[in-house]
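# Working through the structure, step by step
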Amino acid sequence: MNAQDETKRVAIACQGGGSHTAFTAGVLKGLLRNNQLEGYEIVGLSGTSGGAVCALLAWYALLDGDGERAAELLDTFWEDNSATSPQEMLANYWTLWASKVQDFLVTPAVSPYSNYFSVLGLDEFRRMLKRRVDFQKIQVQPEGSYPMLLVGAVDVLSGEFRAFNSQRERISAEMILASAAIPTLFRSVQVGKGTYWDGLFSQNPPVKELVDVRPDEIWVIQINPKKYEDEPKTVAEIADRRNELSGNLSLYQELRFIEKIDQMLEDGLLPRDGKYKQIVVRIIELSRSRFSRFLGIASKLNRDPRFIKNLISHGEARAEEFLIALAFEDAWRSRDYEAMMGFFAGDTELVSSKPFPDGGVYRGKEEIHTFLQKHMGEDIRIDLTRKQVARNRVAWTGRVYLNEDPADWAEGSVDAEFRNRKIKTLRLGTEA
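Presented here is an overview of the structure given in this document.

The rules behind these values
Residues numbered from 1 in each chain as written. Predicted model: local features only at pLDDT ≥ 70, side-chain atom pairs only at ≥ 80, totals over all residues. Heavy atoms only, no water. Helix = DSSP H or I, 4+ residues; strand = E, 2+ residues; numbered from the N terminus. Buried < 20%, exposed > 50% of the residue type's maximum accessible area, 1.4 Å probe, protein only. Contact = heavy atoms within 4.5 Å. Areas by Shrake-Rupley, 256 points an atom, 1.4 Å probe, with all protein chains shown as cover. Polar contact = N/O pair within 3.5 Å; in protein donor to acceptor, adjacent residues only side chain to side chain. Pairing = 2+ DSSP bridges. Patch = residues over 30% accessible without salt bridge, like charges linked within 9 Å, V, L, I, M, F, W, Y side chains within 5 Å. Salt bridge = Lys/Arg side-chain N within 4 Å of Asp/Glu carboxyl O. Axes fitted to C-alpha atoms, helices over the stretch in contact; angles between N-to-C directions. Parallel < 35°, antiparallel > 145°, perpendicular 65-115°, else oblique. Left-handed = near helix turned anticlockwise from the far one by under 90°. Nonpolar A, V, L, I, M, F, W, Y, C, P; charged D, E, K, R; others polar. Phe/Tyr/Trp six-rings, centres within 6.5 Å; stacked < 30°, edge-to-face > 60°. Lys NZ or Arg CZ within 6 Å of the ring centre and 35° of its normal.

## Section: the overall build of the chain
Broken down by element type, the chain carries ten helices and 15 strands. Here the chain, with 432 residues, has 53% of them falling under the buried criterion. Within the chain, residue pairs in contact and separated by at least 24 positions form 69% of the contacts whose partners lie at least 6 positions apart. When the accessible surface of the chain is split by element, carbon and sulfur atoms take 51% of a total near 20,400 Å².

Given below as structure tokens:
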């Protein structure tokens, strides 16, 4: 899968988002099982809230190099977290109903400090973690051992963001609980001298510290959508979108910093043999338009087993598509046109428009093969200083070289839509 036949170092960052984080579990399952990542070494994992739980379980298994065990732990945790008993199903129904009617009725807000069930909930959460992770065996990781784990939280009193680091401290169940302590549901969690709330209020997920393990690539599993189809109008929708935007704010600031360093290295403004190295950023986002069920604010609290399984399945499908896109990119970068053609279906359309050359629609393998040989890899190259995004489709930023002068180029989007493991449409133009 690696065009240069060398092992690439990858760090994976897992965003949190309530029950929607089951999608993250599905993506990790799809990436880690069956030796899917041959040619890649996972050197770091980070997560916040539910993302921290998924990152923990994957990290714990990968310490022994066991991707299949990681998939098993993720599966069993989310099965355990699903509402399966009659009492749990009734409580889940009531929670969803209460969340949906808050736009029409004034419902009383109850502090978790006045609600004993918040303590029971946190205790059960702790037991679910300890069923799968032997925290007593976890020690501070020796220098040079991988993967590293980062868990995001925020200190309620000092206001400081915190990323618990497995290479500096022993990872404990309390650290994971601190990252997932949603203040409207749970009491704060004490870790050492700190008093912590859900890391969704800080780094969601931690990315900056992942640079310390010198990855070649950072893959972000993103729950909160960057783009929103309709204007939020209800109280619940407005609150939900506000929280999504605030959660994405720190993430995109950190990713933008990495992209800026990449661009400065590409332009020769920073030495390549110095402190900084190029890091390719890739994002796998939960696709609301392609998920078969409704995803509103209430669904972040939905523990219905079918809903959870659907999210996991969606994550696995997105991971498979992501890996196919990686393989297509490798063929593109190595200018292996025959390999590239293997990714196209018989009825694929290739659509080229400005700033890309030879604008028009190309159908059939012969027309597409001619276009690829003429332009892809020579005139049109991937800009690795810009992130690759797998959302509704998979999009790269492409550079179009207009003549033999390497400084004379234009920028556009290369956008692939997949169907049954093949590219259905490849669009080259100005918008993703």
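The structure having been displayed, the exposition proceeds.
## So, the environment of arginine 363
Along the chain, arginine 363 falls in strand β10 (residues 360–363). Separated by 13 residues in the primary sequence, arginine 363 and leucine 350 place their C-alpha atoms 6.5 Å from one another. Separated by 2.8 Å, the side chains of arginine 363 and glutamate 349 make a polar contact.

## Here we look at the side chain of arginine 318
Locating arginine 318 in the fold gives a position in helix α8 (residues 305–333). Among the polar contacts made by the side chain of arginine 318, one reaches the main-chain carbonyl oxygen of alanine 390 at a distance of 3.2 Å. For arginine 318, the residues in contact, after removing those within four places along its chain, are Phe23, Ile284, Glu285, Ser287, Arg290, Ala390, Arg391 and Asn392.

## Some remarks on the pairing of strand β6 (residues 194–198)
Across the five residues of β6, four count as buried, placing the element largely inside the fold. Bridge count for strand β3 (residues 148–155) against β6 is three bridges, and the pairing is antiparallel. The partner of valine 154 across the bridge, within β6, is tryptophan 197. The sheet contact formed by strand β5 (residues 189–191) and β6 spans three bridges and is antiparallel. By the bridge assignment, valine 191 is partnered in β6 with glycine 194. Counted between consecutive antiparallel strands, the loop separating β5 from β6 contains two residues, among which glycine 192 sits at a positive phi close to 60°.

## Regarding a nonpolar patch on the surface
A cluster of nonpolar residues, Val156, Leu157 and Trp197, forms a patch on the protein surface that exposes about 280 Å² of accessible area. Summarising the element assignment, leucine 157 is placed in the loop between β3 and β4 (161–165). When its relative accessible area of 71% is taken as the criterion, leucine 157 is described as exposed.

## Remarks on unusual backbone geometry
For the bond running from tyrosine 146 to proline 147, omega is 0°, close enough to zero to count as cis. Between lysine 354 and the following residue, proline 355, the backbone shows a cis peptide bond with an omega angle of 10°. The residue proline 355 is located in the loop between β9 (344–352) and β10 in this model. Despite not being glycine, serine 49 has its phi angle at roughly 55°, a positive value. Note on placement: serine 49 falls in the loop between β2 (40–48) and α2 (50–62). Take serine 49: its relative accessible area is 4%, and that puts it in the buried class. In this structure, aspartate 358 is a non-glycine residue whose phi angle is positive, near 50°. On the secondary structure map, aspartate 358 appears in the loop between β9 and β10.

## Thoughts on the pattern of salt bridges
Between side chains of opposite charge, pairing is possible as soon as their charged atoms come close. Under the defined criterion, the tally for this structure stands at 30 salt bridges. A salt bridge links aspartate 80 to arginine 131, with the nearest nitrogen and oxygen atoms 2.5 Å apart. With aspartate 80 in helix α3 (residues 67–81) and arginine 131 in the loop between α5 (116–130) and β3, the pair connects residues that are 51 residues apart, well separated along the chain. Overall, arginine 131 belongs to the partly exposed group, its relative accessible area being 46%. Put simply, arginine 393 and aspartate 415 hold a salt bridge, and the shortest N to O gap is 3.0 Å. Of this pair, arginine 393 sits in the loop between β12 (388–390) and β13 (394–401) while aspartate 415 is found in strand β14 (residues 409–419), placing the two residues 22 residues apart along the sequence.

## Quick look at the pairing of strand β7 (residues 217–222)
The side chains of a regular strand alternate between the sheet's two faces. Of all six residues that make up β7, six are buried, and the element is covered over most of its length. Residues of β7 alternate between two faces, with Glu217, Trp219 and Ile221 on one and Ile218, Val220 and Gln222 on the opposite face, all of them buried. Examined bridge by bridge, strand β1 (residues 8–14) and β7 share five bridges and lie parallel to one another. In the sheet register, cysteine 14 faces β7, and the bridge partner there is isoleucine 221.

## Brief notes about the packing of helix α1 (residues 22–32) against α3
Interhelical geometry of α1 versus α3 gives an angle of 160° and a closest axis separation of 9 Å. Between α1 and α3, the angle is such that the two are roughly antiparallel. For α1 against α3, the interelement crossing comes out left-handed. On α3, the residues that touch Ala22, Ala25, Leu28, Lys29 and Leu32 of α1 are Gly67, Glu68, Ala70, Ala71, Leu74, Asp75 and Trp78. When grouped by side-chain class, the residues that make up the contact of α1 with α3 number eight nonpolar, one polar and three charged.

## Things to note about the packing of aromatic side chains
The full count for this structure, using the stated rule, is eleven aromatic pairs. Look at phenylalanine 164 and tyrosine 196: their rings are 5.3 Å apart centre to centre, the planes differ by 70°, and that puts the pair in the edge-to-face class. Here tyrosine 196 lies in strand β6 and phenylalanine 164 lies in strand β4, a separation of 32 residues in the sequence. Of the two residues, phenylalanine 164 and tyrosine 196, both sit in the buried class. Between phenylalanine 328 and tryptophan 332, the ring centres sit 6.2 Å apart and the planes meet at 50°, which makes this aromatic pair tilted. Separated by four residues within a single helix, phenylalanine 328 and tryptophan 332 lie in helix α8, roughly one turn from each other. The class for phenylalanine 328 is buried, based on a relative accessible area of 0%. By way of ring pairs, the aromatic residues Phe328, Trp332, Phe343, Phe344 and Trp396 are connected into one cluster. If you follow arginine 9 out to its NZ or CZ, it ends over the ring of tyrosine 146, 4.8 Å from the centre.

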